[in-house]
Amino acid sequence: NITVNTFISNMGCKNKYTKTVTYRAFDGCENASPPFVVKIVVNDNKKPTLLNCPKDTIVNSPLDSCNKFIVFPPVTATDNCGEISITNDSPFSLQKGANITGVYPVGTTKVKILAVDACNNRDSCFVNITVKDVAPPIADCADITICLLGSIQKKDSLFILTPKIIQNNWNFFDLCSPVTATVNPDTFTCKTVGPPPKQFVLTIKDASGNTTFCNG
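Everything in this summary refers to the structure shown in the same document. This one's a predicted model, so the numbers in the text were calculated from it and none came from an experiment.

Here we come to the overall build of the protein chain. Looking only at helices and strands, the protein chain has one helix and 18 strands in total. Taken over 216 residues, the protein chain has a buried fraction of 30%. Taking the contacts inside the protein chain whose residues are at least 6 apart along the sequence as the reference set, 55% of them involve residues at least 24 apart.

A word on the side chain of Asn121. Turning to its location among the elements, Asn121 is positioned in the loop between β10 (107-117) and β11 (122-132). Looking at Asn121, its side chain comes within polar contact range of the main-chain oxygen of Asp44, at 3.0 Å. Beyond its immediate chain neighbours, meaning those up to four positions away, Asn121 contacts Asp44, Asn45, Lys46, Lys47, Pro48, Ala115 and Val116.

Under the counting rule described, the total for this entry stands at two disulfides. In this model, Cys53 is linked to Cys125 through a disulfide, with the two sulfur atoms separated by 1.8 Å. Every disulfide takes its handedness from the sign of the S-S torsion; for Cys53 and Cys125 that torsion is 85 degrees, giving right-handed. Residue Cys53 is found in the loop between β4 (49-50) and β5 (57-60), and its partner Cys125 is found in strand β11; the two are separated by 72 residues along the sequence. For Cys53, a relative accessible area of 26% corresponds to the partly exposed category. Covalent S-S linkage joins Cys66 and Cys176, the inter-sulfur distance amounting to 2.0 Å. A torsion of -105 degrees about the S-S bond marks the disulfide between Cys66 and Cys176 as left-handed. With Cys66 in the loop between β5 and β6 (67-70) and Cys176 in the loop between β14 (172-173) and β15 (179-184), this pair connects stretches of sequence that are 110 residues apart. Since its relative accessible area comes to 19%, Cys66 is described here as buried. The partly exposed category is assigned to Cys176, whose relative accessible area is 27%.

Scoring rules and cut-offs
- Residues numbered from 1 in each chain as written.
- Predicted model: local features only at pLDDT ≥ 70, side-chain atom pairs only at ≥ 80, totals over all residues.
- Heavy atoms only, no water.
- Helix = DSSP H or I, 4+ residues; strand = E, 2+ residues; numbered from the N terminus.
- Buried < 20%, exposed > 50% of the residue type's maximum accessible area, 1.4 Å probe, protein only.
- Contact = heavy atoms within 4.5 Å.
- Polar contact = N/O pair within 3.5 Å; in protein donor to acceptor, adjacent residues only side chain to side chain.
- Disulfide = S-S within 2.5 Å.

Set out below in structure tokens:
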């Protein structure tokens, strides 16, 4: 007869351990052979492999929104021992698992996708998701005539027409970012006093470089 005893030790995870197997033979008179010991070391140190990490993505936002709903296929992975957990760190994904589908704001969001097996071996990839603001600033460019306060006296060298003065008459803004505004021409002197009204152009630009022009 042969007896077999098995002992598991040094188990760091499900697929990392030492298996000790002891064999002994007995004859009909119960005399035993010296033990024959076999040690089997199982060590899973191979990381999983992500198969279809999404490519960097660039999309335009809708004209009336600063966000875009973007659909991605779920990420998959393989591992030599089978068990894998996939997560993502996107603050905008609808799920925190293998799918990074979600509503992303204007700008670039860097997303990390991580695959971890039962022994904490890891594989990761990164995806840059860029939503571009393509809508120009909004401006109420109604026809207006701005009367400079009083007439320019000879002692005054100039009058500066600023966007702030114009904003008292026109409302302008952007949905997704602050705007900058410039006036051209913005300087009026004594030589420009009086009729006919002088023309100017207000240029309104958002942080993405989209531009709106108003004539006054």
